[in-house]
Amino acid sequence: MPKIAVIRRDLRPALSIAVRLGVALAGIGVAILSISILLGVDAWTVTKRILNTFLKPDLIRYFIVFLPVGLGLAVAYHARLWNLGAEGQIVIGAVAATYIALFTPLGGIPVVGPVTALLSASLAGALWALLPGLLRAYLNVNEAITTLMMNYVAYSFCNYLVYGPWRGRKVYGYPETDLIPDASKLYWIQGYSFSLWSLLIALAFIPVVYLFLYKTRIGTAIRGFGSSPAAVEISGVSGTKLIILAFFISGALAGLVGGNEILMYHRKLVPGEKIGAGMGFVSIMVSWLADLNPALMPLSAYYVSALHYLRMIMQMGELTEPVVRFFIGMIFMLLLVSIFISKYKVVIKK
Amino acid sequence: MILEELFESFFFFLLLAAIGDILVERSGVLNLGIDGFITLCLAICYSATIAYGPLASLALAVTAGVLYAILIALFVNLLHSSHVLTGLVMNMIFYGLSVIIGYWGLDLAMEKGIPRTLMIGLSLDWHSILTLSFISVLTAWLFLYRTRTGTAIRACGYNPRSADYLGVNVWRTRMLSLIAGYIVIALGGYVYVSFYSRAWTPYIGMGYGFLALALAISSLWHPLLIVLPTIIFSYLLRSLYIYQLEYGISQHLLSMIPYIASIVFITAVATSPIGKRLPIPKALGEIYYKEERAA
């Protein structure tokens, strides 16, 4: 009887990238199919809309979210640390940025206001990620579960603020704060919904994270930590410190994005579910779609932003959001298959 | 009466979800996909009850559980995918699908002209819930600790390689435990819709899966130890709104408590001396790569 065996292989980088591009193309097919079947729109209209989406500069508003968060998570995932809490770290960053912009005099000063707000957002996100990091580093508590739980705590904390002490005086009972002062806002490029500064900051992180991971001693140790923690310890780098650093970096980038969401997009604190909007979870897969490679991250972030932006364009009522969730999930499932193809092959033994 | 307060259908739902999760994770499969399944299962139970009646709904829920388990097994075993990523992707897909299924049920109720709240004559009193909980906990324990298959499942969770050397088929055992676990979870979902909520709103049940996961960890994946934390948690969750009414504490601050409590529970268990001594599934989340055996 023939037996199936799965054996390891190393696909050439070019082929490996080709497999991923295949996934990206097949993903667009999945998106077209699911929208036209589940929402009852004819396939040709959907195809035109989707192709249109990829050319719309407005999707940069999501690109600015997915790129830095994906880069930060890549640092943690290179060390095989499951930081699943980007969602919560984004929300906490948003809370910190709102605090600086709205409740301290700093918010009224141009340049100083947004810079401090972004820095403190980043610090808040980093500290939020630090707690599961410390628990993992010192007590060996499973970080996947604790980071997941922290997301819900962050949601509730943000909701407590907008429903309670921070609710604005001019918002007619909506659960949101007042608008932040003009000096703290990051202004949009005329006609689009994103700010040039935010885009430049996001892009600047590509070389920074790349150089950190591949050209510094600590970055190399982080990459090695994933496959062999013992070897890293023997080489004289403390594993505990690496864990803490990796969590700190990924949290800082997610927090920064959260702050930017307030200064650039919402301009006020809204309930946590609206700030995160599941983007923290999607970022996890953005990171893996780029094979954790900072240089490929822009491509992966661009692709996912386009599909994410689709929900704003389709406007098919209350079902659009779940349908987008569904097919983005399907695309990531194809990604899992592609990871298998580039790492293993199936042979039939006689 | 305190027993009535403690043993009601929400407790039973949480208990079944946690037991199902224990069955799955004892085989070493990190079960993050449970949250997506609970969300999906509640939507299926609701819509199927409206469309085909309560019995067919039960059958459909169990079938969905089996299929979901097979899908996870395919990714985790054959495709050697990371357990965490598989779980997250499954969640994403089925959160989305659950809303589509649920709205279908709501629309159907409107078309048929029947109320959107389910009318089920049957209800579970605390006697029957106590008995049923007792039976399910005992069955799970007997299955895991007193049968050959159960022992094989625990071996796969503790050290899959050694289990394989001793003649256990790791892939088959993990698939079996996934199927068994998801059937129990599906029953839990059915209890939630038919006896507790009797209604459906978008994304209802989201987050309970992760709570069940935390409960399983805090009981060290032991089906007998799970009862106490489940009683505490389900009581806590249901009585939150009372604190809000009586003491005026914000509902949003209160809804943090279960999650903070589970982080504390997990940490306490991980650091306590008992946690280090009991044989927990050490290989949880480990991708089992069979061909490395010969090396």
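These figures come from a predicted structure and were not determined experimentally.

(A) Representation of the overall build of chain A within the structure. Counting its secondary structure elements, chain A contains 14 helices and two strands. Residue burial in chain A is summarised as follows: out of 350 residues, 51% are buried. Of the contacts made within chain A by residues no fewer than 6 positions apart, 79% connect residues no fewer than 24 positions apart.

(B) How the structure looks around the overall build of chain B. On a plain count of helices and strands, chain B comes out with 14 helices and zero strands. Each helix and strand of chain B, placed in order from N terminus to C terminus, yields the pattern α-α-α-α-α-α-α-α-α-α-α-α-α-α. Relative to the 2.2 N^0.38 estimate, which gives 19 Å for 295 residues, the radius of gyration of chain B is 19 Å and therefore close to what a compact globule would have. Overall size of chain B, expressed as C-alpha extent along the three principal axes, is 65 × 40 × 35 Å.

(C) Spatial organisation of the interface of chain A and chain B. In this assembly, 40 residues from chain A lie in contact with 36 residues from chain B. Listing elements by their share of the side of chain A that touches chain B, those giving two or more residues are β1 (3-8), α5 (112-139), α6 (143-163), α12 (279-289) and α14 (320-343) of chain A. No other element matches α14(A), which puts 13 residues into the side of chain A that touches chain B. Its residues assigned to classes, the side of chain A that touches chain B shows 33 nonpolar, six polar and one charged.

(D) Structural view of the environment of A:S34. Tracing the sequence through the fold places A:S34 in helix α1 (residues 13-38). Taking C-alpha positions, A:S34 is 40 Å from A:G164, a pair spaced 130 residues apart along the chain.

(E) Summary view of the confidence of the model for chain A. Averaged over all residues, the pLDDT of chain A equals 88, while 99% of them reach at least 70. In the model of chain A, β1(A) stands out as the element of lowest mean pLDDT, 80, in contrast to helix α3 (residues 60-78) of chain A, which has the highest, 94.

(F) Here's a closer look at helix α7 (residues 196-215) of chain A. Residues and elements named next belong to chain A. Here α7 contains 20 residues, and its C-alpha end-to-end distance of 29 Å stays within 8% of the 28 Å for a straight helix at 1.5 Å per residue. For α7, every residue scored as buried is listed here: S198, A202, V209 and L213. Close packing links the buried residues of α7 with α3, α8 (217-227) and α10 (239-266).

(G) Structural context of α3(A). Residues and elements named next belong to chain A. With 19 residues, α3 extends 26 Å from end C-alpha to end C-alpha; this agrees with the ideal 27 Å at 1.5 Å per step. When you tally the buried positions in α3, you get 19 out of 19 residues, the bulk of the element. Positioned one or two residues after α3, R80 has a phi angle of 55°, which is positive.

(H) Main features of unusual backbone geometry. Backbone geometry places A:V111, a non-glycine residue, at a positive phi of 65°. Structurally, A:V111 is set in the loop between α4 (86-103) and α5. Phi angles above zero are rare outside glycine, and B:R198 is one such case at about 60°. Here B:R198 is to be found in the loop between α9 (170-197) and α10 (208-218). Judged by local crowding, B:R198 falls into the partly exposed class, with 18 C-beta atoms found within 10 Å.

(I) Spatial organisation of the pairing of strand β2 (residues 344-349) of chain A. Residues and elements named next belong to chain A. Little of β2 is tucked away: zero of the six residues are buried. The sheet contact formed by β1 and β2 spans six bridges and is antiparallel. Among the inter-strand pairings, K3 is bridged to a residue of β2, identified as K349.

(J) Fine view of the environment of B:Y182. Residues and elements named next belong to chain B. As for its placement among the helices and strands, Y182 is situated in helix α9. A count of 30 C-beta atoms within 10 Å places Y182 in the buried class. As a C-alpha pair, Y182 and I257 span 75 residues in sequence and 27 Å in three-dimensional space. Not counting residues up to four positions away in its chain, the partners in contact with Y182 are G20, F37, G65, V66, Y68 and A69.

(K) Structural detail: the packing of helix α4 (residues 54-78) of chain B against helix α5 (residues 83-112) of chain B. All names here are of chain B. For the pair α4 and α5, the least separation of the axes is 10 Å and the interaxial angle reads 150°. The angle between α4 and α5 falls in the class roughly antiparallel. Every pair of crossing elements has a handedness; the one defined by α4 and α5 is right-handed. Contact residues: I72, F75 and V76 in α4; H83, T86 and M90 in α5. Grouping the constituent residues of the contact of α4 with α5 by class yields four nonpolar, two polar and no charged.

(L) A look at the confidence of the model for chain B. When the pLDDT values of chain B are averaged, the result is 88; 98% of them are 70 or greater. Interface confidence for the predicted complex, expressed as ipTM, amounts to 0.89; the pTM equals 0.91.

(M) Seen up close, the environment of A:I60. All names here are of chain A. Among the structural elements, I60 can be located in helix α3. Residues I60 and K343, spaced 283 residues apart in sequence, show a C-alpha to C-alpha distance of 32 Å. In this structure I60 touches F194 and L199, once residues within four positions along its chain are discounted.

(N) Structural view of the packing of α14(A) against α5(B). Close contact between α14(A) and α5(B) brings their axes to 7 Å; oriented N to C, the two are set at 150°. When the interaxial angle is binned, α14(A) and α5(B) end up roughly antiparallel. Considering only the axes of α14(A) and α5(B), their crossing is left-handed. Packed against α14(A), whose contacting residues are A:P322, A:V323, A:R325, A:F326, A:I328, A:G329, A:M330, A:F332, A:M333 and A:L336, the element α5(B) presents B:L85, B:T86, B:V89, B:M92, B:I93, B:Y95, B:G96, B:L97, B:V99 and B:I100 at the interface. In the contact of α14(A) with α5(B), the residues fall into 16 nonpolar, three polar and one charged.

About the cut-offs
- Residues numbered from 1 in each chain as written.
- Chains lettered and ligands numbered in written order.
- Predicted model: local features only at pLDDT ≥ 70, side-chain atom pairs only at ≥ 80, totals over all residues.
- Helix = DSSP H or I, 4+ residues; strand = E, 2+ residues; numbered from the N terminus.
- Buried ≥ 20, exposed ≤ 12 C-beta atoms within 10 Å, placed from the backbone.
- Contact = placed C-beta atoms within 7 Å.
- Rg over C-alpha atoms; globule rule 2.2 N^0.38 Å.
- Nonpolar A, V, L, I, M, F, W, Y, C, P; charged D, E, K, R; others polar.
- pLDDT = per-residue confidence, 0-100.
- Expected span 1.5 Å × (residues − 1).
- Pairing = 2+ DSSP bridges.
- Axes fitted to C-alpha atoms, helices over the stretch in contact; angles between N-to-C directions.
- Parallel < 35°, antiparallel > 145°, perpendicular 65-115°, else oblique.
- Left-handed = near helix turned anticlockwise from the far one by under 90°.

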